[in-house]
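# Inside the fold
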Amino acid sequence: MILPVCGYLLYSFSFPFIAHSLFHPQISKLFSNLNHAKKIHTAVVIALFFAIFFAWMYVIGSKVYTFIFPILAVAGLLPIFKLAAYEMRCLKQDESTQLDSNFWNFYIYLISPSEVSFEPDKSTPVSVSKERLKNGFYQLLFLYYFNRLVINFNLSQHPVLEAISSSLQLAACFGAVGDLSVGVLGFIVPKNIFLHDMFNKPYLAITPREFWSTRWNVTVHKCCVKLIYLPLGGSSRRSLNMPVIFLTVGLLHEIPMLCLPSSRLGYWILLFTINLCAIFVQLAFESAFPHLKKVGFVRLAFRIFTLSVISFSAYLAYIAFGMNAQSMASDFNTIIDFVIDLSTLLISSLVNVLVWALSHAFFLGTTLSFYHSLCGQTSFNSQGSILTPNNKKQE
């Protein structure tokens, strides 16, 4: 497992440098004689990174715990998605942005799992990083003990409990990763760069549209808006661009599945198709009965409907990865137990070293004190001769 994680760190930290080099003016000149040179150049660079990502996924597919694979897949796709969204904005405006003028800003924009902004009024301040780290730790703690509950009571035997367990595991796992990564970056980035939350309490969503647009993986949502939704006409052509977005995201989820031996193809397309249908059901109801949207029991019914769709989606995602709540719980807790045992070993070793050092220091101090009291006021003169109380007076 260490090799794939180290590979991801190398991939993520080298990605901005390679991307910045490939968009260098000298390389852009190679496409200068073509029509739509900038668009072709951007497409070639994005395709190259997709090839690198696919090769990386193929290498780690059989070498990691199953539940870590989707996290690495999302983490590997995010920089490519954000780079494509950034280039789309540059092509549309045909001018350099604030990211071009500062490579550090460009670097943080690509490696950060969350959306980045440079206006303090549009994001929470960096000081909230402590709160994000605390929330991430609490979610990991909840996931660990919930997994023990799944293992002890074998909740995977019942389909409904399996779906609920899967959704809680995915929400806690991705929520913890998002909060911890954004929280750590919050202490590193300069004060003029502000990081948004990646996940915004997804289980508080009342409708499926709210879940996908403002609560679950907000970074990917904003990239989809820039890359697909707005270029295809925005809200005026919602019936066209929403299916395109969900189909595209479904295909992007299917790509890593080709690299995982235990995976099953087609389930991600089914998952996003079901959620798209749920959103259209919501929009049709709101269009037919606009005055019922704020009625209490209607909101409660929509909340139950949304949670049901989310739980079934998580169940399909587990099938796509070839695992269930039981195997995910076992794999996750195996790693956490290993980390706990390793931490315990390191702490106990440190305590043993401190006890050994203090005991030897105490023994040495006691011995010197006893020797000093035994010799009385014995000391040495400048020539190294012993001075006793008697010959001190003679000298």
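The shown structure was predicted, so the numbers you read here are calculated from the model rather than taken from an experiment. (Residues numbered from 1 in each chain as written. Predicted model: local features only at pLDDT ≥ 70, side-chain atom pairs only at ≥ 80, totals over all residues. Heavy atoms only, no water.)

### Details of a nonpolar patch on the surface
- Among the surface-exposed residues, W104, V184, F187 and I188 lie close enough to one another that they form a single nonpolar patch of about 390 Å² accessible area.
- Mapped onto the elements, W104 comes out in helix α6 (residues 103-111).
- For W104, a relative accessible area of 33% puts it in the partly exposed group. (Patch = residues over 30% accessible without salt bridge, like charges linked within 9 Å, V, L, I, M, F, W, Y side chains within 5 Å. Areas by Shrake-Rupley, 256 points an atom, 1.4 Å probe, with all protein chains shown as cover. Salt bridge = Lys/Arg side-chain N within 4 Å of Asp/Glu carboxyl O. Helix = DSSP H or I, 4+ residues; strand = E, 2+ residues; numbered from the N terminus. Buried < 20%, exposed > 50% of the residue type's maximum accessible area, 1.4 Å probe, protein only.)

### Notes on the packing of helix α10 (residues 218-229) against helix α11 (residues 238-257)
- Two elements in contact, α10 and α11, have axes whose closest approach is 10 Å; the angle formed by their N-to-C orientations is 120°. The angle between α10 and α11 places the two elements in the oblique class. Relative to α11, the crossing made by α10 is right-handed. Residues C224, I228 and Y229 of α10 form the contact with α11, whose participating residues are R238, N241, M242, V244, I245, T248 and V249.
- Residue composition of the contact of α10 with α11, by class: seven nonpolar, two polar and one charged. (Axes fitted to C-alpha atoms, helices over the stretch in contact; angles between N-to-C directions. Parallel < 35°, antiparallel > 145°, perpendicular 65-115°, else oblique. Left-handed = near helix turned anticlockwise from the far one by under 90°. Contact = heavy atoms within 4.5 Å. Nonpolar A, V, L, I, M, F, W, Y, C, P; charged D, E, K, R; others polar.)

### Let's talk about the nonpolar core
- Formed by 83 residues in total, the largest nonpolar core has its most connected members in F15, F49, M57, L83 and W268.
- Sorting elements by how many residues they give to this core places helix α4 (residues 68-93) first, with 14 residues.
- For M57, the residues in contact, after removing those within four places along its chain, are F69, L72, A73, P256 and C259. (Core = buried A, V, L, I, M, F, W, Y, C linked by side-chain atoms within 4.5 Å.)

### Brief notes about the confidence of the model for the protein chain
- Averaged over every residue, the pLDDT of the protein chain is 76; the share at 70 or more is 81%.
- Strand β4 (residues 386-387) is the least confidently modelled element of the protein chain, averaging 45 in pLDDT, while helix α12 (residues 267-288) averages 89, the highest of any element.
- Note on residues 122-127: pLDDT is under 50 here. Beyond four places in sequence and across chains, it has 14 contacts.
- Low pLDDT, under 50, characterises residues 377-395; the predicted model gives this stretch 17 contacts beyond four residues in sequence or across chains. (pLDDT = per-residue confidence, 0-100.)

### Things to note about the pattern of salt bridges
- Throughout the structure, instances matching the rule amount to two salt bridges.
- A salt bridge links E131 to K134; its shortest N-O distance comes to 3.6 Å. Here K134 and E131 lie together in helix α7 (residues 129-153), a separation of three residues that amounts to about one turn.
- Close ionic contact of R215 with E210 constitutes a salt bridge, the shortest N to O distance being 2.9 Å.
- Residue classification places E210 among the partly exposed positions, given a relative accessible area of 21%.

### Quick word on α12
- With 22 residues, α12 should reach 32 Å at 1.5 Å per residue; the first-to-last C-alpha distance of 32 Å fits that figure.
- Taken residue by residue, α12 has W268, L271, F272, N275, L276, A278, I279, Q282 and L283 as its buried positions. In a view along the axis of α12, the buried residues occupy a sector of 155°, so they form one face of it. Along α12, the residues that are exposed and aim more than 90 degrees away from the buried face are S287 and A288.
- Buried residues along α12 sit against α9 (208-215), α11 and α13 (296-320). (Expected span 1.5 Å × (residues − 1). Arc of directions from axis to C-beta.)

### Details of α6
- Across the nine residues that make up α6, a large majority, seven, are buried.
- Listed as buried for α6 are N105, F106, Y107, I108, Y109, L110 and I111.

### As for the side chain of S165
- Here S165 is to be found in helix α8 (residues 159-186).
- Discounting residues that sit within four places of it in the chain, S165 has contacts with F146, V150, L155 and A325.

### A word on the packing of aromatic side chains
- According to the stated counting rule, one finds 16 aromatic pairs in the structure shown.
- Seen in terms of ring centroids, F285 and F289 are 5.3 Å apart; in terms of plane orientation they differ by 45°. Their pairing is tilted.
- A relative accessible area of 25% means that F285 is categorised as partly exposed.
- Judged by relative accessible area, F289 falls into the partly exposed class, the value being 38%.
- Ring centres of F285 and F302 lie 5.3 Å apart, and the angle between their planes is 70°; on these two criteria the pair is classed as edge-to-face. Pair noted here: F285 is in helix α12 and F302 is in helix α13, with a separation of 17 residues, a long-range link.
- On the basis of relative accessibility, which here comes to 12%, the residue F302 falls in the buried class.
- Members of the aromatic cluster, each reached through a chain of ring pairs, are F174, F199, F211, W212, W216, F246, W268 and F272. (Phe/Tyr/Trp six-rings, centres within 6.5 Å; stacked < 30°, edge-to-face > 60°.)

### Thoughts on the environment of F15
- Within the element layout of this structure, F15 appears in helix α1 (residues 2-22).
- Classification of F15 as buried rests on a relative accessible area of 2%.
- For the pair F15 and P79, spaced 64 residues apart in sequence, the C-alpha to C-alpha distance is 7.7 Å.
- In this structure, F15 is in contact with F49, P79, I80, L83 and L110, ignoring residues within four places of it in sequence.

### A word on the packing of α11 against α12
- Packing of α11 against α12 brings their axes to within 8 Å, and their N-to-C directions diverge by 155°. Relative to α12, the element α11 lies roughly antiparallel. In the packing of α11 onto α12, the handedness of the crossing is right-handed. Judged by residue contacts, R238, S239, M242, P243, F246, L247, V249, G250, L251, H253, E254 and M257 of α11 engage Y267, W268, I269, F272, N275, L276, I279, F280 and L283 from α12.

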